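# Residue-level structural notes
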Amino acid sequence: MTPESRAAEFDAADPLAGYRDRFTLPEGVIYLDGNSLGALPKATPAAMAQVVEQEWGEGLIRSWNSAGWFEAAGRVGAKIAPLVGAAPHEVIACDSTSVNLFKLIAAALAMRPGRKVVLSEPGNFPTDIYMIAGLEAQGLAERRLAQRDRLAAALDGDVALLMLTHVHYKAGALHDMAALTRAAHEAGALVLWDLSHSTGALPVELNAVGADFAVGCGYKYLCGGPGAPAFAFVAERHHADLAQPLTGWFGHAAPFAFSDDYTGAHGIDRLQCGTPPVLGLAALEVGVDLIAEIGVDRLYAKSQALSEFFLECLMAHGVDLELVSPPKSTERGSQLSFRHPEAYAICQALIARGVIGDFRAPDVLRLGFAPAYLSFADIADAARHLADVLASGEWEREEFQERAAVT
Ligand SMILES: *Cc1c(COP(=O)(O)O)cnc(C)c1O
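Note that the coordinates shown come from a computational prediction; the quantities given were computed from them, not determined experimentally.

## Focus on the site of the ligand
Lining the immediate environment of the ligand, one finds Ser96, Thr97, Ser98, Phe125, Thr127, Asp128, Thr165, Asp194, Ser196, His197, Tyr219 and Lys220. In the environment of the ligand, an oxygen atom lies 2.6 Å from a nitrogen or oxygen atom belonging to the side chain of serine 98. In isolation the ligand has 390 Å² of accessible area, and contact with the protein removes 87% of it. Secondary structure elements with two or more residues in the shell around the ligand: helix H5 (97–111) and helix H6 (126–137).

## Side note on the sheet that holds strand S15 (residues 364–368)
Strand order in the open sheet formed by 4 strands is S11-S12-S15-S14, with antiparallel pairing between adjacent strands. At either margin of the open sheet sits one strand with a lone partner, and together these are strand S11 (322–323) and strand S14 (358–360). Sheet topology note: the S11/strand S12 (residues 335–339) ladder contains 2 bridges and is antiparallel. By the bridge assignment, leucine 323 is partnered in S12 with phenylalanine 338. Sheet strands in contact with helix H12 (residues 343–352) are S14 and S15, and its direction is about 40 degrees off that of S15.

## Considerations on the pattern of salt bridges
What the rule picks out here adds up to 22 salt bridges. Its salt-bridge partner being lysine 103, residue aspartate 95 comes within 2.6 Å of it at the nearest N-O pair. A relative accessible area of 0% places lysine 103 in the buried class. Here arginine 148 ties to glutamate 121 by a salt bridge, and the two come within 3.0 Å at their closest N and O atoms. Remark: glutamate 121 occurs in the loop between strand S5 (117–120) and H6 and arginine 148 occurs in the loop between strand S6 (142–145) and helix H7 (151–154); sequence separation between them is 27 residues. Overlapping salt bridges bring together Arg75, Lys79, Glu285 and Asp289 as one network.

## Let's talk about the environment of isoleucine 268
Inspection of the secondary structure assignment puts isoleucine 268 in the loop between strand S10 (231–234) and helix H10 (278–294). Sequence separation between isoleucine 268 and aspartate 241 is 27 residues, and the spatial gap between their C-alpha atoms is 11 Å. Apart from residues no more than four positions distant in its own chain, isoleucine 268 is found in contact with His89, Glu90, Val91, Ile92, Ala232, Phe233, Val234 and His239.

## Considerations on the domain arrangement of the chain
Split by domain assignment, the chain resolves into domain 1 (3–31 + 296–405) and domain 2 (46–293). On a C-alpha basis, the centroid separation for the pair domain 1 and domain 2 is 30 Å. Taken together, the contacts link 28 residues of domain 1 with 19 residues of domain 2. When the two sides are added together, the surface that domain 1 and domain 2 hide from each other amounts to roughly 1,800 Å², 62% of it contributed by carbon and sulfur. The interface formed by domain 1 and domain 2 holds 1 salt bridge in total. Residue glutamate 293 pairs with arginine 22 through a salt bridge whose shortest N-O separation is 2.9 Å. Where domain 1 meets domain 2, there are 10 residue pairs in polar contact (both at pLDDT 80 or more). When contributions to the side of domain 1 that touches domain 2 are tallied by element, the ones reaching two or more residues are helix H11 (296–316), S12 and S15. For the side of domain 1 that touches domain 2, the element with the most residues is H11, which contributes 6 residues. Considered class by class, the residues forming the side of domain 1 that touches domain 2 number 14 nonpolar, 7 polar and 7 charged.

## Details of H10
Three- or four-residue spacings in an α-helix give side chains the same orientation, since the helix completes a turn every 3.6 residues. The terminal C-alpha atoms of H10, which comprises 17 residues, lie 25 Å apart, in line with the 24 Å expected from a rise of 1.5 Å per residue. Of all 17 residues that make up H10, 12 are buried, and the element is covered over most of its length. Those residues of H10 lying buried are Val278, Leu281, Ala282, Ala283, Leu284, Glu285, Val286, Gly287, Val288, Leu290, Ile291 and Ile294. Following H10 by one or two positions, glycine 295 has its phi on the positive side, about 95 degrees.

## Notes on the side chain of histidine 340
Take histidine 340: it is sitting in the loop between S12 and H12. A distance of 2.9 Å separates a polar atom in the side chain of histidine 340 from the backbone nitrogen of glutamate 342.

## Describing the packing of aromatic side chains
Going through the model one piece at a time under the given rule, you end up with 16 aromatic pairs. A centroid spacing of 6.2 Å and a plane angle of 50 degrees characterise the contact between phenylalanine 310 and phenylalanine 338, whose relative ring orientation is tilted. One end of the pair, phenylalanine 310, is in helix H11; the other, phenylalanine 338, is in strand S12, with 28 residues separating them in the sequence. On the basis of relative accessible area, phenylalanine 310 is assigned to the buried category, the value being 0%. Overall, the relative accessible area of 2% leaves phenylalanine 338 in the buried class. Its guanidinium or amino end placed over the ring of tyrosine 344, arginine 403 lies 4.2 Å from that ring's centre, counting from NZ or CZ.

## With respect to the packing of helix H1 (residues 3–13) against helix H13 (residues 376–392)
It is at 7 Å that the axes of H1 and H13 come closest, and there the two elements cross at 160 degrees. Considering the angle they form, H1 stands roughly antiparallel to H13. Relative to H13, the crossing made by H1 is right-handed. Judged by residue contacts, Pro3, Glu4, Ala7, Phe10 and Asp11 of H1 engage Phe376, Ala377, Ala380, Asp381 and Arg384 from H13. Within the contact of H1 with H13, the residues separate by chemical class into 6 nonpolar, no polar and 4 charged.

So, how was this worked out
Residues numbered from 1 in each chain as written. Predicted model: local features only at pLDDT ≥ 70, side-chain atom pairs only at ≥ 80, totals over all residues. Heavy atoms only, no water. Near = heavy atom within 4 Å. Polar contact = N/O pair within 3.5 Å; in protein donor to acceptor, adjacent residues only side chain to side chain. Areas by Shrake-Rupley, 256 points an atom, 1.4 Å probe, with all protein chains shown as cover. Helix = DSSP H or I, 4+ residues; strand = E, 2+ residues; numbered from the N terminus. Pairing = 2+ DSSP bridges. Contact = heavy atoms within 4.5 Å. Axes fitted to C-alpha atoms, helices over the stretch in contact; angles between N-to-C directions. Salt bridge = Lys/Arg side-chain N within 4 Å of Asp/Glu carboxyl O. Buried < 20%, exposed > 50% of the residue type's maximum accessible area, 1.4 Å probe, protein only. Domains from an automatic or database assignment. Buried area = accessible area lost by both parts, 1.4 Å probe. Nonpolar A, V, L, I, M, F, W, Y, C, P; charged D, E, K, R; others polar. Expected span 1.5 Å × (residues − 1). Phe/Tyr/Trp six-rings, centres within 6.5 Å; stacked < 30°, edge-to-face > 60°. Lys NZ or Arg CZ within 6 Å of the ring centre and 35° of its normal. Parallel < 35°, antiparallel > 145°, perpendicular 65-115°, else oblique. Left-handed = near helix turned anticlockwise from the far one by under 90°.

See below:
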């Protein structure tokens, strides 16, 4: 059987096949970059127009109350909560992932006086590691990086916080959240999980594993749009002691009392800083609603089937690329990454054929399998294009070698 006829059988049996029509995808494009910028839900433009034209245009400032703007950050956070195994009052949609990392790293350090070390791994997503640097420059933190198989051994009495990304952005490898959270707690440290490449693609159980803090991205699998607000999780047991350094008025217990003194709000609202991005939250809410409607368990099952099928197609075409991701689907997120010295040019040649994946320096071709809107036919086509690009050597063309600023 050809990959194409196998794909047709899988698509006919796919319970999520109908959801593709809930997204806008350009004609002739196979989108394998939904792990970097999720596709546009068809409902988003109308929802945005409603907020802009009615709530802003007509309601003006009254909409803070009448249109629920004031509660939007908490409302969207509560909708994200079940996707990550948290209670509704433990999650808020606010700021960027980077800013949320900063607030929570600082909060964790404040909860572990006498300890300064923030432990992470080399090759973690850059912003996660960079956000330690500012606190380090102020003498508040000390960075320690240990390879993944050495993390448990690096957890000594100086470690205040273990901070890791659940699904590695480049390789797609998964950390064992339960085991590492337990090891950190046994060493007296707190744990912060970055769920940017997990949320909306695979099940996460923050409370079941006993996580302390988490952050995640709104514009990847949650389809919130470019620069969508991120989210932050703080386990309820830490709410009373939570001290975060960005003490803006929206995190105040009574922002409209206009007092000269800062009193943090109760609970997760204390993580807010300034005025929330209402337009961004409106777009994010549409994406979150749609992903929640499809359901994380079904999304995860399909994401595994898609990546397994892609590998099967490559095999059928006789393509032999070095797989950087774990070969077992249970040990990776919703992506496959391959190493090739010409990964950049291969990626460009694929994009010219309408197969949009991405390149991660220095030599990784990364293909994301966003399960909400990809079909098995897309996977078969993408694999055929990749096989053709490699066999024809078309990636050697000069136009595919020129580097753009954003890859
Ligand atoms: C995408 C991503 C981010 C993004 O951070 P921003 O502040 O939105 O730029 C952070 N961490 C990880 C692991 C990511 O994958």
